[in-house]
Amino acid sequence: MNKYLLTEDQLAIQGNIRRFCAEKIAPLAGQIDESGEFPHDIFRQLGELGYMGISSAVEHGGSGLDLVSQVLVLEEISKASGAVGSSYNAHIGLASTVISEFGSDEQRRKYLPDLTSGRKIGAFGLTEPSGGSNAGAPATRALFKEDGLWHVTGSKAFNTNGFVADTFVITAKTDNGVTAFILERGMPGFEIGSPDRKMGVSGSPTSTLYFHDVKVPDANRVGEEGTGFRKFARTLDKGRVNVAALSTGLAQASYEVAVAYAKERTQFGKPIGAFQGIHFQLAEMVTDIEAARLMTLNVARMYDAGMPIKMEAAMAKYFAAEASLRVCDKAIEILGGYGYMKDFPVERYYRDAKMYQIGEGTSQIQRIVIAREILGKAIVSFT
């Protein structure tokens, strides 16, 4: 039943990635979480099948999929593994998107073939150790000096894919505002920290990036000086839609485990699904999932139609992230003691879902973004 009114192409994309996830990702999800190792082989396969370039235009070597198709892919991957979903989103939704949409022709020719094929992994540097909410005022500095190079000094924190990435898009403060640059692994003075120890999405490595007077050619500047924040802001609007899809995928995975358990687990001579207390929790879970998915698809369709999405993207991200946590929490309750054990995946889903309440703008920031769109920037400020 095509209740979400997807096109034939969108249904085919959804079916293909669903099969791939069931066969190649889901069976390894627990192992990825336990080991914390980045699943290079999965990303290689995603590249071979064309999924690593779905957000980039065909003329830039990508698949050029619409945003509805992209969120369908993201939801299925996240449902199979939150870690794979997190790293995949940072690659296609952040790093590749900035270069594809805002890079020069030379930058696209140089970087996108490796990114869209999956031969190289991309990362996106915005958040800093001092905080991520005030992204328009980075402490990282880039000075253009007489040698004709940009000298970048500073650091970026919680950088998804940082430990394994080859191509990095970052922001830095310049004389005329915030400017975006492309950095490459191995540049002198560019140091990548060890993987962070995190609560969840283990296997999607985050690291701090350190810039010790990194000399960057002007050819690696993305767009005009001082336009970097606007580029990243537009990318983040779209990225919030992606995160809503990732959150929905984790919620769906938790819900399916809870339903199966409610049918199999017996107490007092009957399946626990026969009790009203379980009825109410499952009803609330599936309603949260349906609302999150519909909001995500709606804003994706708005984006594909060329409509502004700032408020709707923030709403979808805020609701889906919070709904995912509610669903995962209820799944643990339904499984009882087993839900707290690593033998069942719902505790992993909950740990993974928590990240999306924070990443790409916390739920508090999303509320502010929504309020600013309602009341205006003059009334609602970030300070």
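It should be noted that the structure appears before, not after, this text.
Residues numbered from 1 in each chain as written. Predicted model: local features only at pLDDT ≥ 70, side-chain atom pairs only at ≥ 80, totals over all residues. Heavy atoms only, no water.

> Pulling in residues and values, what's your account of the pairing of strand β2 (residues 141-144)?
As paired elements, β2 and strand β3 (residues 149-160) share four bridges and run antiparallel to each other. The residue bridging Arg141 from the neighbouring strand is Thr153, located in β3. In sequence, β2 turns back onto β3 through a hairpin of four residues, with Gly148 there showing a positive phi of about 80°. (Pairing = 2+ DSSP bridges. Helix = DSSP H or I, 4+ residues; strand = E, 2+ residues; numbered from the N terminus.)

> Report on a nonpolar patch on the surface, specifying residues and quantitative values.
A grouping of Ile374, Leu375 and Ile379 is seen on the molecular surface, where their side chains present a nonpolar patch of about 340 Å² in accessible area. By the secondary structure assignment, Ile374 is in helix α11 (residues 363-375). On the basis of relative accessible area, Ile374 is assigned to the exposed category, the value being 60%. (Patch = residues over 30% accessible without salt bridge, like charges linked within 9 Å, V, L, I, M, F, W, Y side chains within 5 Å. Areas by Shrake-Rupley, 256 points an atom, 1.4 Å probe, with all protein chains shown as cover. Salt bridge = Lys/Arg side-chain N within 4 Å of Asp/Glu carboxyl O. Buried < 20%, exposed > 50% of the residue type's maximum accessible area, 1.4 Å probe, protein only.)

> Give me the lowdown on the packing of aromatic side chains, citing residues and values where you can.
One pass over the structure, following the stated rule, counts nine aromatic pairs. Both rings, one in Phe38 and one in Phe43, keep their centres 4.7 Å apart while their planes meet at 20°; by these two values the pair is stacked. This pair shows no difference in class: Phe38 is buried, exactly as Phe43 is. Ring geometry for Phe268 against Phe275: centres 6.4 Å apart, planes inclined by 80°, an arrangement best described as edge-to-face. Using a relative accessible area of 76% as the deciding quantity, one classes Phe268 as exposed. Three or more aromatic residues joined by ring pairs make a cluster, and in this case those are Phe144, Trp150 and Phe181. We note Arg326 situated over the ring of Phe319; from NZ or CZ to the ring centre the distance is 5.6 Å. (Phe/Tyr/Trp six-rings, centres within 6.5 Å; stacked < 30°, edge-to-face > 60°. Lys NZ or Arg CZ within 6 Å of the ring centre and 35° of its normal.)

> Tell me about the side chain of Ser87, and please be specific about residues and values.
Looking at the secondary structure, you find Ser87 in helix α5 (residues 82-102). By relative accessible area, which is 1% here, Ser87 ends up buried. There is a polar contact of 2.7 Å between the side chain of Ser87 and the side chain of Asn161. Other than its neighbours up to four places away in sequence, Ser87 contacts Phe38, Phe43, Thr160, Asn161, Ser204 and Pro205. (Polar contact = N/O pair within 3.5 Å; in protein donor to acceptor, adjacent residues only side chain to side chain. Contact = heavy atoms within 4.5 Å.)

> Let's hear about the nonpolar core: which residues, and what values?
By size, the foremost hydrophobic cluster in this structure holds 83 residues, and its most contacted members are Leu46, Ile77, Tyr88, Leu183 and Ile334. Here the element with the most residues in this core is helix α7 (residues 228-264); it accounts for twelve residues. Those residues in contact with Leu46 that lie beyond four places of it in its chain are Ile17, Phe20, Tyr51, Met52, Ile77 and Tyr88. If you look at the next biggest cluster of nonpolar residues, it comprises 17 residues, including Leu94, Phe102, Leu115 and Leu236. (Core = buried A, V, L, I, M, F, W, Y, C linked by side-chain atoms within 4.5 Å.)

> Quick rundown of the packing of helix α1 (residues 8-25) against helix α4 (residues 67-80)? Include the residues and the values.
Look at α1 against α4: their axes get within 9 Å of each other, and the N-to-C directions meet at 20°. By the criterion of interaxial angle, the relationship of α1 to α4 is roughly parallel. For the pair α1 and α4, the crossing hand works out as right-handed. On α4, the residues touching Gln10, Ile13, Gln14, Ile17, Arg18, Cys21 and Ile25 of α1 are Val68, Ser69, Leu72, Val73, Glu76, Ile77 and Ala80. Split by residue class, the contact of α1 with α4 holds nine nonpolar, three polar and two charged. (Axes fitted to C-alpha atoms, helices over the stretch in contact; angles between N-to-C directions. Parallel < 35°, antiparallel > 145°, perpendicular 65-115°, else oblique. Left-handed = near helix turned anticlockwise from the far one by under 90°. Nonpolar A, V, L, I, M, F, W, Y, C, P; charged D, E, K, R; others polar.)

> Which residues make up the environment of Lys198, and what are the values?
Relative to the assigned elements, Lys198 resides in the loop between β6 (190-192) and β7 (206-217). As for Lys198 and Met355, which are separated by 157 residues in sequence, their C-alpha atoms are 9.4 Å apart. Sequence-distant contacts of Lys198, defined by excluding residues within four places in its chain, comprise Ser204, Pro205 and Thr206. Within polar-contact distance, the side chain of Lys198 engages the backbone oxygen of Ser204 at 2.8 Å.

> Can you lay out the side chain of Thr296 for me, pointing to particular residues and giving the numbers?
In this structure, Thr296 sits in helix α8 (residues 276-304). Thr296 sits in the buried class, given a relative accessible area of 3%. Contacts of Thr296, omitting those with residues within four sequence positions, involve Val71, Val241, Ala244, Ala245, Thr248 and Ala316.

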